[in-house]
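What follows is each chain in one-letter form.
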Amino acid sequence: MKSINKIIIILLCAAAIAGCKKSFLDRPSNSQISSNNFYKTTSDLRLATASLYAGAQWWRWNKSAMLPIGDVLAGTGSFGYSQDLVQLFTRTITAQNSYVSETWIGLYNIVAQCNTVINAIQQQADPSIPLTDRNAAVAEAKFIRAVAYYHLAVYWGAVPIIEDNSKLIDNPLLNRNIIRDVYKFATKDLTYAAQHLPKTDEKGRLTTWSAQGMLGKVYLTMAGVGKSGGVRDQALLDSAKKYAGNVCKNSGLSLFPSYYDLFKAQNNDSPEALFALQWTAGASYGTGNDLQTWYAPTSEVLPQKNGGWQSLAPTYDLYRMYSAKDTVRRKATIMLNGDYYPELNQAGGGYKATGTGMKKHIIGNEKDNNSPTMGQWSSIEHNAVLRLADVYLVYAEAILGNNSTTSDADALLYFNKVRTRAGVDPVTVITPNLLRVERRVEFAYEGQYWIDLVRYSYYDPTNAVKLLNDQDATHGRIGFSYDPITKIATRDTTALPSALPATLSSFTLPIPASEMTSDPKLAEPPVPYY
Amino acid sequence: MNQTISIRKLPVFLWLVVSIVLLHLDGYAQERQITGKIVSNEDSAPLSGATIQVKMKNKSTSANENGQFSIRANKGDVLIFRMIGFKQQEITIGDGSVVNVRLKADRTDLDEVVIGYAKAPRKDITGSISSITGDDLRQTQPTTFDQALQGKVAGVVVQQVSGQPGGGVSIQIRGVSSISGSNSPLFVIDGVIIPPVNDPGSGSNPLNAINPAEIESIDVLKDASATAIYGSQATNGVVVITTKRGKIGAPSISYDFYTGFQEIPSRLPTVDLQQLATFINARAAVWGFDSRPEFANPQYLGKGTDWQDALFRKAPMTSHTMTIRGGDPRTQYLLSASYFNQDGIALGSDFKRYSVRLNLDNQTTNWLKIGTSLQLAHVDENVAATGNNVISTALNNTPDIAVTNSDGSWGAVTNTSGWVQPSANPVALATIIKDLRKRNQIFGNVYAEIQLAKGLSLRNELSGNFDFNTEDHFSPSYTFGKGTPSQSNGSSEASENFYTVIRNFLTYNHSFRKLKFDALAGHEAQESTFHKVSAGRRNFPSNNVQAIDGGDPTTATNGGDNSLSNPKGGSAQESYFGRINFSWDDKYLLTGNIRNDGSSKFPTNNRWVTTYSGGFAWKIKNEAFLKDIGSINDLKLRLGYGLTNNQGIQDNTFVTQLTSVSNGLSGTAQFQSNLANPNVTWEKTDYYNAGIDGSFFNNRLSFSFDVYDRQTDGLLLKVPLPLYSGTSAGYSPGSMTAPYVNVGKVSNKGFDFQISSTNINAKNFSWKTSVTVSRNVNKVIYLGSGGDQANLSTSFNNDIIQTTVVGQPIGQFYGYVFDGVYATPNDFQTHARPVNSAGTPYPISSSGGGIWYGDRMFKDLNGDGIIDSKDKTFLGSPIPKFQFGVNNTFNYKNFDLNVFFSGSYGNKVFNQLAVSQTDPQNNTSYFTSILNYARLALVNPNGAASDVNNVYVTNPNTTVVGLRNDNTNGNNRPNNLFIEDGSFIRCKNITLGYRVPEDFLSKIHIRSLRVYANVSNAFIITKYKGMDPEVGSWNPLQAGWDGGYYAQPRVFTFGANITLK
């Protein structure tokens, strides 16, 4: 009996020792999907590309680059404190500047997400998904990647181009690629996107018009690269004209009727928005739109009355760009002492400004927007990266090209559409300076002015440097106070220059110090990509 | 029974016998009746059945149930006392006729060690294994046992990660071999594996559920020949914890108690109100703004608030443990229950543990033995202090802020100047915020051991560790001064971690003449799963309604919100293993291990791996030429080699993981959360060890010395690629998790040394000393294709302060070399200046954007005339060069005194807090050293203050910069001022104990009673300027950062160990 027991036990143990099922060691995550088994249907592809329109990878650029570089460095917004922001305002940027490194990280995060989506769809998407759908999804990712590279090129010039992040595992150290190739890379992506994106899609999604508009803008920028004396490459200007013109004339899109209402959250993703970030309420820190939380002039109008830590005030230099009639854009963009904004803090009877401050992106609290989960890290504003008005002005600038004036009918038509929408008088002649001012006023606090200045510095460095230095020379790069009674703006005309004198190198940001240490090859001269 | 009766009658009988002998055999000899009592030294339990023999005579007896005996012997005879499980003792008969004996338990000698699935006599092991007893461990009054290992075991580096009650320590056995994998050893408690923890985060330590009072012994398996049997989880060594078990004999009931309090060991020199006002006034004079009317006359101000006083307290702690153990030859049992309660020295931190343990062993039949080890524990922790960083917040608050205002509201910054950042009130945070963690843990095993044939047995084990955790967090609505009002929010989290192992193995042993042989072979399957859900709401109608459902339902969030953490998953491992041991003539020992592991963490093509090792030992003492040398009791040489494999990476890193994120376009969307490496494979370590053990002079001196060389290849790194890769090895919203890559090679070489000696062994006085010394040299040999440029760096102020490069230890500090402040015109000639993005040095100018007097000078190490990142150098390592422990035990009559020092030499600490607190541009609080800011003066008082030749610094030797409103110079770039020497000697423990005499106790039904007083962390000798130089870290790439660290408290306790009759 006893020996039988033993035999049974031995057999049981032998069974155990013989091992577990082969699948015992397969433990796919229960809470995440792996890319190997995800891309089965068109809607899976749509979910993958949807994440490219907003979220954590866009957060850094949105918070640390768009306004700090696009407007503060450009002399539109001013800062008196907060060391790293002050560096941007005073042009004393060190390689340790956190906004600079955040911007670098953020843009390359966008590139990484796009690359991974593109490669996953190309390699792993189920063949049963229609080819047009696969191409359209890749086109969305390529468009967004192009936008990221465009900004990298504008901010830093030559930067490394990365198409497949997994190759960095074996070969992490890259050289910078020459600036022309970075722009060229963006145009190739955009050309693909223009070909494969649909003419229309659901609200907020990219269309071929987004891609063509962006293409026009990139060509316009690229036209000045390596040029001087104020003359740009005509062939590239023609390309800019072709694509921007196509959007102007054939897209069927038109400007949103009210400039002021365009920036309200209820008008998110209007047809004018060719590419807008798709932020959502309830996002946690580092994944949502927190522009108003940081840069609002007051916490009074914000969700949970939290924020306004780094109030971004306008400079006098911006203020003086507004003509007397340009009140709609002025009030939608900056607050002056005494301005009343009924839509902000409605429960508290609206908000009456007590000083100068930024208005654009300030959309109020969660009740104003009827969005209970909107919090300090999750404004529901879908701020646009590319607007139709931008393409109109790109078109006009491409037509103006290397001429000192133009009265081209098309150029005037679209240029004046932008002006009349804002309630200012149309013009009959366009000059380069008029265009620059128009762009600055139209897109103030949308991160565009620095892009415009860098573009200018490519083909007319002397005057671009002068333009920056004139901000200080004419006591413009400085905050101001506004008297609501007399309606007079006052600034300190005896103040010392706020910024170090600009030079041509002022138009290129330093590569973050830690990145230079990680990859010493970045210090080498850039190499061609193509 | 008969014997008992006869012994009871003995006194009468004996008296008769003695009388007769004395009458009739007078002169023949002085043989007389010797009586006495034999008890256990440990708990004074009588040892019934102990034998007493007169040496060299064929005469013996045994002790009765009360441990009493009687035997006839002559003066000068030697009595030998023996008992199974105890060390034998010899006593020479003197003039007295009463001989009371305390036998020491054999276990305390650690003659047996756990070598992986089995025990072996210490004298027969070939690997490098150090052991300590539970008694040794408990000397330092540890909250958790891992804290107590410091300095006790050579080769083991223990660093406290947080002084939070129950907080974790980092333990490294013989260096850091893995950068992103865990460097923690494998913990095996009664055969139950506690999976290694990568980062217990804010103070929660999975090992804190074990009551140190229940530990019998700890064996630390160090080299590959010892650890290989545990396979891939054991590359970093194994800590085997054996709990006390029942034993044959009368039941013993014991009660251990201690109580005491803890206090902060030292304070940081923060400024008082007068000093703050003086400083702010001076700064305002330079800045031209920020003069504060309330500071106008500093001499009339008081000291202001001392935030350290406000936050830190004398905190009580108490422990009670009741243990009952006993058994008969068939069944032995141990049942214990304990309660432990500790408040933290910082407000908002405390720890309570309730635990019950049952250990049972039963010899069911002559071929079957079954048993269980079972522990139930419940832990309550308040982690509000750690979760809200109250310590650094307290150190940041200025003394002009009251803890509470006169109206009862919490004090906080009210200064409306934009540059003065609002600050939280740490006392308020620690008081009003609720952050409670509860943990219920069941762990244990059941086994059946079947004797199949002589020498052959089969053991089946099922063991598991089941953890159920909840965390309850509520933060009420509050407003601190000018800070923005905080909305109330609450969250609740529940998680469970299940870990189970099924293990079956056969053991066989046999002897052929001089050859002894044993073998083991088995199979093991492990599975672990975890699961977590959380929910949160904001905007509660009242701060008293703290249940989650009281919050505003429209603000509800759930676990999906924090989607970048993986709330559900698991891993599995399957293994086959075997071991053989040969012993020839008790002189030559040979061990071989092999194990094959399969892990779910690797892609199918790399899933299985083989680990093997071999060890050889030569018992020199047993050779003929040493056999007769009495002064040598033992001498053994050991050699071992092994190849082990490590799998210390997260699950599923070999595929791209998609996580759901909320999105304005489609509700949710899929975000790619990691950069996958489909080729990731095991980390391999080649491990050589040589050691020698000896013991001399009747075992009064013993030592153990080991040298080792371990080289890890295919180092698994969560490799921090350049930022342009879009990946990050740490927390970084929007970046993908960096890929795990097998790059690099790291070497750890060193020695560990342990020596114990009985310095004095007199009748009433003994003095014993033991010393451990551990030395490890860590060096990175190779770092993959990135070469020494691979970016394993951590930044501070957006500049690299810690880096890992080839030829240096992991995680070296890195930065500029401070060279004084600009103090004379000549300094501007002799010192290079930093450059702007165009490479041009910044101008010498007192206005913004220039470099000026009082700015820090840095050494131009590469001599290119400018200061840039090429001038950075290595500033030392956070890894100690040596760690050591010195333990002294004194016994005088019934008194015992233990004094234990542990220390560390040669490690650096980044005093992060000092950076901001000595920066004049900072607007939080300051250390008093700020008052020594660089003071500028004019050569010609009527000359220009902006003339470089007209200015000088009156205190040129200062390290604190001047009062400028400009930092173009980058004064706080990482430099050696911030990296301090972290060497220390800490008096870890002083215990004075007294054993109350038994004759007194016997009247009150107590068998034994020891009372003691103890001071832990009594004092520390160090040059470090922060609170505590012992700053552990789980991340070797960011080790040694002290940023408002929860210091280890000084603890005073009083306690008693009581055994009932």
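**Some thoughts on the overall build of chain A**
Piece 1. Within chain A one finds 21 helices and eleven strands.
Piece 2. Taken against the 2.2 N^0.38 rule, which gives 24 Å for 530 residues, the C-alpha radius of gyration of chain A at 26 Å falls within 12% of a compact globule.
Piece 3. In terms of principal-axis extent, the alpha carbons of chain A reach across some 110 × 55 × 45 Å.
Piece 4. Burial status across chain A gives 63% buried among its 530 residues.
Piece 5. In chain A, the share of contacts with a sequence separation of at least 24, taken over all contacts with a separation of at least 6, comes to 71%.
Piece 6. Of the roughly 18,300 Å² that chain A leaves accessible, carbon and sulfur atoms contribute 55%.
Piece 7. Between the centroid of the 51 positive side chains of chain A and the centroid of its 46 negative side chains there is a distance of 3 Å.

**Re the pattern of salt bridges**
Two side chains that carry opposite charge are able to pair once their charged atoms sit near each other.
Residues and elements named next belong to chain A.
Piece 1. One pass over the structure, following the stated rule, counts 65 salt bridges over all chains.
Piece 2. Note that Asp 317 and Arg 440 form a salt bridge whose closest N and O atoms lie 2.8 Å from each other. Taken together, the residues Asp 317 in helix H14 (residues 316–319) and Arg 440 in helix H18 (residues 432–442) connect sequence positions 123 residues apart. This pair shows no difference in class: Asp 317 is buried, exactly as Arg 440 is.
Piece 3. The shortest N-O distance in the salt bridge between Lys 325 and Asp 425 comes to 2.9 Å. Of this pair, Lys 325 sits in the loop between H14 and helix H15 (327–333) while Asp 425 sits in the loop between helix H17 (409–421) and H18, and the two are 100 residues apart along the sequence.

**Quick look at the packing of helix H11 (residues 234–250) of chain A against helix H16 (residues 388–400) of chain A**
Residue and element names in this part refer to chain A.
Piece 1. Relative to each other, H11 and H16 sit at 140 degrees, their axes nearing to 8 Å. By the angle between their axes, H11 is oblique relative to H16. Crossing of H11 over H16 shows left-handed handedness. Each of Leu 237, Ala 240, Lys 241, Ala 244, Gly 245, Val 247, Cys 248 and Lys 249 in H11 lies in contact with H16, whose residues at this interface are Leu 388, Val 391, Tyr 392, Val 394, Tyr 395, Ala 398 and Ile 399.
Piece 2. The residue makeup of the contact of H11 with H16, split by class, is twelve nonpolar, one polar and two charged.

**Digging into the environment of Gly 423 of chain A**
All names here are of chain A.
Piece 1. With respect to the helices, strands and loops of the structure, Gly 423 is situated in the loop between H17 and H18.
Piece 2. Taking the relative accessible area as the measure of exposure, Gly 423 reaches 42% and is therefore partly exposed.
Piece 3. Sequence separation between Gly 423 and Glu 442 is 19 residues; the distance between their C-alpha atoms is 12 Å.

**Overview of the packing of aromatic side chains**
Piece 1. Applying the stated criterion across every chain yields a total of 67 aromatic pairs over all chains.
Piece 2. Note on Tyr 641 of chain B and Tyr 688 of chain B: the rings are 4.7 Å apart at their centroids and 40 degrees apart in plane angle, and the pair reads as tilted. With Tyr 641 of chain B in strand S30 (residues 632–646) and Tyr 688 of chain B in strand S33 (residues 683–696), this residue pair connects regions lying 47 residues apart in the sequence.
Piece 3. On the basis of relative accessibility, which here comes to 26%, the residue Tyr 641 of chain B falls in the partly exposed class.
Piece 4. Residue classification places Tyr 688 of chain B among the partly exposed positions, given a relative accessible area of 46%.
Piece 5. Three or more aromatic residues joined by ring pairs make a cluster, and in this case those are Trp 104, Tyr 108, Tyr 149, Tyr 155, Trp 156, Phe 185, Tyr 529 and Tyr 530 of chain A together with Tyr 724 of chain B.
Piece 6. The side chain of Arg 283 of chain B reaches across the aromatic face of Trp 287 of chain B, ending 3.9 Å from its centre.
Piece 7. When the ring centre of Tyr 933 of chain B is taken as origin, the NZ or CZ atom of Arg 935 of chain B, which lies over that ring, is 4.1 Å away.

**Details of the nonpolar core**
Inside soluble globular proteins, nonpolar side chains tend to come together where they are buried.
Piece 1. Phe 143, Ile 144, Tyr 155, Trp 156, Phe 275, Tyr 295 and Trp 450 of chain A are the most contacted members of the largest nonpolar core, which has 186 residues in total.
Piece 2. Ignoring sequence-local partners within four residues, the contact set of Tyr 155 of chain A consists of Trp 61, Ala 65, Ile 69, Thr 103, Leu 107, Trp 450, Phe 507, Thr 508 and Leu 509 of chain A.
Piece 3. Counting residues in each nonpolar core, the second largest holds 30 residues, with Ile 345, Ile 391, Ala 428 and Met 1027 of chain B among its members.

**Structural notes on H16 of chain A**
Residue and element names in this part refer to chain A.
Piece 1. With 13 residues, H16 should reach 18 Å at 1.5 Å per residue; the first-to-last C-alpha distance of 18 Å fits that figure.
Piece 2. Burial of H16 is extensive: 13 of the 13 residues sit out of reach of the surface.
Piece 3. Just downstream of H16, Gly 401 is the residue with a positive phi angle, here 50 degrees.

**Comments concerning the sheet that holds strand S7 (residues 101–103) of chain B**
All names here are of chain B.
Piece 1. If you trace the three strands from one edge of the open sheet to the other, you get S4-S1-S7, paired in mixed fashion. Only two strands of the sheet have a single neighbouring strand rather than two, namely strand S4 (68–73) and S7. Across this sheet, the average inter-strand angle for adjacent strands is 35 degrees, counted without regard to direction.
Piece 2. Here three bridges tie strand S1 (residues 32–40) to S7, and the two strands are oriented parallel to one another. Bridge assignment links Ser 40 to a residue of S7, and that residue is Leu 103.

**Regarding the packing of helix H6 (residues 98–124) of chain A against helix H7 (residues 131–156) of chain A**
All names here are of chain A.
Piece 1. With their axes 9 Å apart at the nearest point, H6 and H7 run at an angle of 160 degrees to one another. Accordingly, the angle class assigned to the pair H6 and H7 is roughly antiparallel. Here the hand of the crossing between H6 and H7 comes out left-handed.
Piece 2. Among the residues making up the contact of H6 with H7, the classes are represented as 19 nonpolar, four polar and three charged.

**Here's the deal with the confidence of the model for chain B**
Residues and elements named next belong to chain B.
Piece 1. This prediction gives chain B a mean pLDDT of 83; 90% of its residues lie at or above 70.
Piece 2. Per-residue pLDDT stays below 50 along residues 198–204; that stretch engages in 19 contacts with residues further than four places along the chain or on separate chains.
Piece 3. Here residues 560–564 is a poorly scored stretch, pLDDT under 50, and it has seven contacts once near neighbours within four places are set aside; other chains count.
Piece 4. Both scores are available for the predicted complex, with the pTM at 0.74 and the ipTM at 0.91.

What counts and what doesn't
- Residues numbered from 1 in each chain as written.
- Chains lettered and ligands numbered in written order.
- Predicted model: local features only at pLDDT ≥ 70, side-chain atom pairs only at ≥ 80, totals over all residues.
- Heavy atoms only, no water.
- Helix = DSSP H or I, 4+ residues; strand = E, 2+ residues; numbered from the N terminus.
- Rg over C-alpha atoms; globule rule 2.2 N^0.38 Å.
- Buried < 20%, exposed > 50% of the residue type's maximum accessible area, 1.4 Å probe, protein only.
- Contact = heavy atoms within 4.5 Å.
- Areas by Shrake-Rupley, 256 points an atom, 1.4 Å probe, with all protein chains shown as cover.
- Lys, Arg positive; Asp, Glu negative; His and termini not counted.
- Charge placed at Lys NZ, Arg CZ, Asp CG, Glu CD.
- Salt bridge = Lys/Arg side-chain N within 4 Å of Asp/Glu carboxyl O.
- Axes fitted to C-alpha atoms, helices over the stretch in contact; angles between N-to-C directions.
- Parallel < 35°, antiparallel > 145°, perpendicular 65-115°, else oblique.
- Left-handed = near helix turned anticlockwise from the far one by under 90°.
- Nonpolar A, V, L, I, M, F, W, Y, C, P; charged D, E, K, R; others polar.
- Phe/Tyr/Trp six-rings, centres within 6.5 Å; stacked < 30°, edge-to-face > 60°.
- Lys NZ or Arg CZ within 6 Å of the ring centre and 35° of its normal.
- Core = buried A, V, L, I, M, F, W, Y, C linked by side-chain atoms within 4.5 Å.
- Expected span 1.5 Å × (residues − 1).
- Pairing = 2+ DSSP bridges.
- pLDDT = per-residue confidence, 0-100.

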